[in-house]
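As a plain string of letters, each chain reads:
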Amino acid sequence: MSHVITQSCCKDATCVPVCPADCIRPRPGDPGFRTAEMLYIDPRLCVDCGACTGACPVAAIVPDDELGPATSVFADLNRFYFEHGPGAVDRRTPTPTVPGRMRLAHEVAAAAAGPDGSTPGGWAGDLRVAVVGSGPAACFTVEEILARAPRARVSVIERLSAPWGLARFGVAPDHLLTRRIRSVFERVIADPRVTLRLGVQVGVDVGHDELLADHDAVVYGTGAPDGRLVGIPGEHLPGSYPAAQLVAWYNGHPRAAGFEPDLSSERAVVLGNGNVALDVARILTADPDHLADSEIDPRALRALRSSRIREVVVLGRRGPEAAAFTAAELTGLRHVPGLTVTCSTPAAQVSDDATALARQKLALIAELPERVGSGGDRRVDLRFGTTPIEVVGDRAVRGLRVAPTGGADPAASTAIACGLVLHAVGHRSVPVPGLPFDESLGRPPTLDSRIVDPTGRPVPGVYAVGWLKRGPSGVIGSNRDCARETVQALLTDLRLEKVDE
Ligand code: NAP
């Protein structure tokens with residue numbers, strides 16, 4: 001997902017300094033700015049946060065999934081500019097961050113507020129909210145509360161000693177521009193109406209009931225930190241881990257403090273082919289000297305310097321038309337220096353009803369070579385239509401048995417020799433003592449952003465946002481809309497409650 005600049009672009013460039021990913025070009029002063037027909041957004045870097053849409057005075061910027069038949073060509077135009085046009089060159093000079101230029105939602109709302117501070121559809125009275133978690137979903141929630149309820153006081157409760165959740169411990173360490181989103185969150189939390197309480201775990205240091213008694217509402221945005229395993233024999237052998245564990249390790253998350261993946265074999269296999277799979281494949285095969293310029297944890301970098309892994313096989317159980325990674329991330333992977341991306345399974349037929357996105361992804365996959373040339377490149381091999389059957393090994397992983405998906409003949413299975421198997425097949429939330437939890441969903445049951453009890457009735461004053469609410473899907477910017485929805489539910493309930501009183 002990314003945003004796209006369309007026809008009405010007026011080139012006033014107010015969007016450029018507000019972009020936390022610095023992905024809009026050309027800028028005033030760049031060669032070609034005066035002669036450019038419009039500005040463009042680099043879809044490989046856009047974090048889909050929507051900050052530019054708020055800054056654009058002519059509503060020229062839209063999310064790519066809202067493009068229609070007449071405007072879809074702008075997605076290609078934006079991309080083309082950076083892949084083949086002047087943007088391929090002028091991306092090399094970063095725009096200095098302009099602190100204070102971007103107006104956050106609550107700042108915009110404050111400017112439009114009435115004399116009593118009220119905003120349309122907002123809440124003019126006092127309000128005390130606890131937001132649990134300090135990742136993207138939590139921070140966008142705080143921003144939205146401040147925008148809609150100017151007299152609100154918000155306590156942000158974070159169990160770790162460092163804030164920003166996924167934006168610090170989930171986003172790949174080499175995605176430095178995406179990580180810049182933290183500057184938006186820093187500004188939200190710096191608001192005097194917000195108190196950030198680090199190192200406080202709900203259920204351990206403070207009870208859920210206690211929190212609820214002290215606030216008008218509690219919003220949980222605690223994400224889905226635990227990685228899932230596929231559920232095959234041998235998956236608990238040393239060397240077979242949730243990809244989330246490796247992500248925690250290379251991002252220096254405290255829970256990976258004792259984790260030491262064995263990187264002594266030449267091949268690793270990643271199960272699943274979403275963006276997390278591509279992230280871990282890229283980090284395992286990247287040149288450590290390049291990673292040294294990233295925000296990777298020093299301990300992980302040291303281990304990767306002596307890693308013997310030269311190939312990562314990324315296994316998709318379905319065909320390439322159903323690949324879960326985004327075209328942007330595949331494009332990014334293909335541009336890693338010293339890395340060759342191959343696809344050793346035959347190209348799929350394009351069905352007549354394939355979406356433009358699927359066609360584009362298939363076209364990208366079809367361009368991949370089947371095998372590496374004779375050079376010493378590291379390699380990521382994408383394999384499709386392949387189901388993992390068993391992790392093989394005695395005391396540690398030695399291989400993975402796989403079979404064609406849907407194949408009836410068990411004898412058709414083959415083994416891939418490897419020393420590391422990473423399960424990148426989704427995430428689960430962690431239960432909070434005192435809150436309902438649905439084991440089958442891997443998160444609390446919710447209805448319209450409200451956490452509900454086992455009978456389906458909303459627990460008064462308790463809400464969910466982000467991956468805890470909608471499951472592990474979407475990029476950082478997806479949480480902005482999700483937060484709007486949650487805060488809307490909270491304010492609706494508040495109004496009803498006050499009418500009842
Ligand atoms: P994901 O995109 O949902 O991908 C999960 C993968 O696991 C899919 O390929 C899925 O295959 C596979 N899978 C699930 N169950 C399986 C099983 N039993 N056996 C084999 N394969 C199985 O999840 P994710 O990669 O964890 O990413 C989560 C979200 O974070 C996504 O929205 C992603 O885009 C986002 N994210 C974004 C970035 C970025 O923008 N740079 C980076 C990381 C994550 P099927 O499709 O066949 O179910």
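These lines cover the structure that appears in this document, whether it is placed above or below. This one's a predicted model, so the numbers in the text were calculated from it and none came from an experiment.

Rules used in this analysis
- By convention here, each chain's residues receive numbers from 1 onward along its written sequence.
- In view of the model being predicted, local features appear only for residues whose pLDDT reaches at least 70, and side-chain atom pairs are presented and counted only at 80 or more, with totals across whole chains, interfaces and linings using the full set of residues.
- Calculation of side-chain values draws on the structure's entire complement of heavy atoms; hydrogens and water are dropped beforehand.
- To qualify as a helix, a DSSP run of H or I must reach at least 4 residues; to qualify as a strand, a run of E must reach at least 2; elements of each kind are numbered from the N terminus.
- It is over C-alpha atoms that the radius of gyration is taken, and the globule rule equals 2.2 Å times the number of residues to the power 0.38.
- Exposure categories follow from relative accessible area, calculated using a 1.4 Å probe and restricted to protein chains: below 20% of the type maximum is buried, above 50% is exposed, and the middle band is partly exposed.
- Two residues form a contact once any of their heavy atoms are found within 4.5 Å.
- Residue-level accessible areas treat just the shown protein chains as cover; the underlying method is Shrake-Rupley with a 1.4 Å probe.
- His residues and chain termini do not enter the charge count, which takes Lys and Arg as positive and Asp and Glu as negative.
- One atom stands in for each charge, and that atom is NZ of Lys, CZ of Arg, CG of Asp or CD of Glu.
- Working definition of a nonpolar core: buried Ala, Val, Leu, Ile, Met, Phe, Trp, Tyr and Cys residues. They are joined through side-chain atoms within 4.5 Å.
- Near, as used in this document, describes a residue that has one of its heavy atoms within 4 Å of the molecule or strand being considered.
- As used in this structure description, the phrase polar contact means that two N or O atoms lie within 3.5 Å; if the pair is within protein, one of them must be able to donate a hydrogen and the other to accept it, and residues adjacent in sequence are counted only when both atoms belong to side chains.
- Two strands are said to pair when DSSP picks up at least two bridges between them.
- Throughout, an axis means a line fitted to C-alpha atoms (over the contacting stretch in the case of helices), and angles, computed between N-to-C directions, take values from 0 to 180 degrees.
- For classification purposes, angles smaller than 35 degrees are called roughly parallel, those larger than 145 roughly antiparallel, those between 65 and 115 roughly perpendicular, and all remaining angles oblique.
- Crossing handedness is defined as follows: a turn of the near helix away from the far one that is anticlockwise and smaller than a right angle gives a left-handed crossing, while the clockwise case is right-handed.
- Each residue gets one of three labels, nonpolar for Ala, Val, Leu, Ile, Met, Phe, Trp, Tyr, Cys and Pro, charged for Asp, Glu, Lys and Arg, and polar for the others, Gly among them.
- Each aromatic pair joins two rings of Phe, Tyr and Trp (for Trp, the six-membered one) with centres within 6.5 Å, and gets the label stacked for planes under 30 degrees apart, edge-to-face for over 60, and tilted for any other angle.

1. As for the overall build of the protein
Here's step 1: Helix and strand content of the protein: 18 helices and 22 strands.
Here's step 2: A globule of 501 residues ought to have a C-alpha radius of gyration of about 23 Å, and the protein, at 24 Å, matches this closely.
Here's step 3: Taken along its principal axes, the extent of the C-alpha atoms in the protein is 70 × 60 × 45 Å.
Here's step 4: Classification of the 501 residues of the protein by burial places 52% in the buried group.
Here's step 5: For the protein, the proportion of contacts with a sequence separation of at least 24, taken over those separated by at least 6, is 74%.
Here's step 6: Carbon and sulfur atoms make up 53% of the accessible area of the protein, which amounts to about 22600 Å² in all.
Here's step 7: In the protein, 53 positive and 59 negative side-chain charges are present, and the distance between their average locations comes to 3 Å.

2. Focus on the nonpolar core
It is characteristic of soluble globular proteins that their nonpolar side chains tend to be buried jointly.
Here's step 1: Residues I5, I24, L39, L127 and F185 are the most contacted members of the largest nonpolar core, which totals 66 residues.
Here's step 2: Discounting chain neighbours no more than four positions away, the residues touching I24 are I5, C15, V16, C19, L39, Y40, I41 and C52.

3. A closer look at the site of the ligand
Here's step 1: Taken together, 20 residues lie near the ligand, and N273, V276, R317, R318 and G474 sit nearest.
Here's step 2: At 2.9 Å, a side-chain N or O of N273 approaches an oxygen atom of the ligand.
Here's step 3: At 3.3 Å, a side-chain N or O of E329 approaches a nitrogen atom of the ligand.
Here's step 4: A total of 910 Å² of accessible area belongs to the ligand in isolation, and the protein chains cover 76% of it.

4. Side note on the environment of G221
Here's step 1: Positionally, G221 belongs in the loop between β8 (217-220) and β9 (226-227).
Here's step 2: For G221, the contacting residues outside a window of four places in its chain are V132, G133, A138 and V465.

5. Side note on the sheet that holds strand β10 (residues 240-242)
Here's step 1: The 6 strands are arranged β10-β18-β11-β12-β14-β13 in an open sheet whose pairing can be described as parallel. If you trace the sheet from one side to the other, it starts and ends with β10 and β13 (339-343), each paired once. Here the average twist between neighbouring strands, direction ignored, is 20 degrees.
Here's step 2: Judged from the 5 bridges that link them, strand β11 (residues 267-271) and strand β12 (residues 311-315) form a sheet pairing that is parallel. Each bridged residue has a counterpart across the sheet, and for A268 the counterpart in β12 is V312.
Here's step 3: Where helix α11 (residues 243-250) meets the sheet, its contacts fall on β10 and β18 (420-423), and the angle it forms with β10 comes to roughly 75 degrees.
Here's step 4: In this fold helix α12 (residues 275-285) packs onto β11, β12, β13, β14 (378-383) and β18, with an angle of close to 160 degrees to the strand it touches most, β14.

6. Re the side chain of T6
Here's step 1: Within the secondary structure layout, T6 lies in the loop between β1 (3-5) and α1 (15-18).
Here's step 2: Classification of T6 as buried rests on a relative accessible area of 9%.
Here's step 3: In this view, T6 contacts M38, A60, V62, L67 and F74; residues no more than four positions away in its chain are not counted.

7. Looking at the packing of α11 against α12
Here's step 1: In the contact formed by α11 and α12, the axes pass within 10 Å of each other and the chain directions differ by 50 degrees. By the angle between their axes, α11 is oblique relative to α12. In terms of crossing hand, the pair formed by α11 and α12 is left-handed. For the pair formed by α11 and α12, the contact residues are A243, L246, V247 and Y250 on the first element and V276, D279, V280, I283 and L284 on the second.

8. Comments concerning the packing of helix α6 (residues 136-148) against helix α9 (residues 181-189)
Here's step 1: Put simply, α6 and α9 touch, their axes get as near as 10 Å, and they point 45 degrees apart. With respect to α9, the axis of α6 lies oblique. For the crossing formed where α6 meets α9, the hand is left-handed. Counted together, P136, C139, F140, V142, E143 and L146 of α6 and F185, V188 and I189 of α9 form the full contact between these two elements.
Here's step 2: Of the residues that constitute the contact of α6 with α9, the class distribution is 8 nonpolar, no polar and 1 charged.

9. Thoughts on the side chain of R193
Here's step 1: Inspection of the secondary structure assignment puts R193 in the loop between α9 and β7 (194-198).
Here's step 2: Taking the relative accessible area as the measure of exposure, R193 reaches 16% and is therefore buried.
Here's step 3: Looking at R193, its side chain comes within polar contact range of the main-chain oxygen of P150, at 2.8 Å.

10. A few points about the sheet that holds strand β15 (residues 386-392)
Here's step 1: Here we have 3 strands laid out as an open sheet, ordered β15-β16-β17, and antiparallel in their pairing. At either margin of the open sheet sits one strand with a lone partner, and together these are β15 and β17 (414-417). Neighbour-to-neighbour, the strand axes of this sheet turn through a mean angle of 35 degrees, independent of strand direction.
Here's step 2: Here strand β16 (residues 399-404) pairs with β17 via 4 bridges, running antiparallel. Note that in β17 the partner of V402 across the bridge is T414.

11. A closer look at the packing of aromatic side chains
Here's step 1: All told, the structure shown has 5 aromatic pairs when counted by the stated rule.
Here's step 2: Pairing Y40 with Y81 gives two aromatic rings, centres 4.3 Å apart and planes at 10 degrees, and the pair type is stacked. Linking Y40 in strand β3 (residues 40-41) with Y81 in helix α3 (residues 73-83), this pair joins segments that are 41 residues apart in sequence. Per residue, the accessibility class of Y40 equals that of Y81, and both read buried.
Here's step 3: Each residue in the set Y40, Y81 and F82 is aromatic and connected to the rest through ring pairs, giving one cluster.

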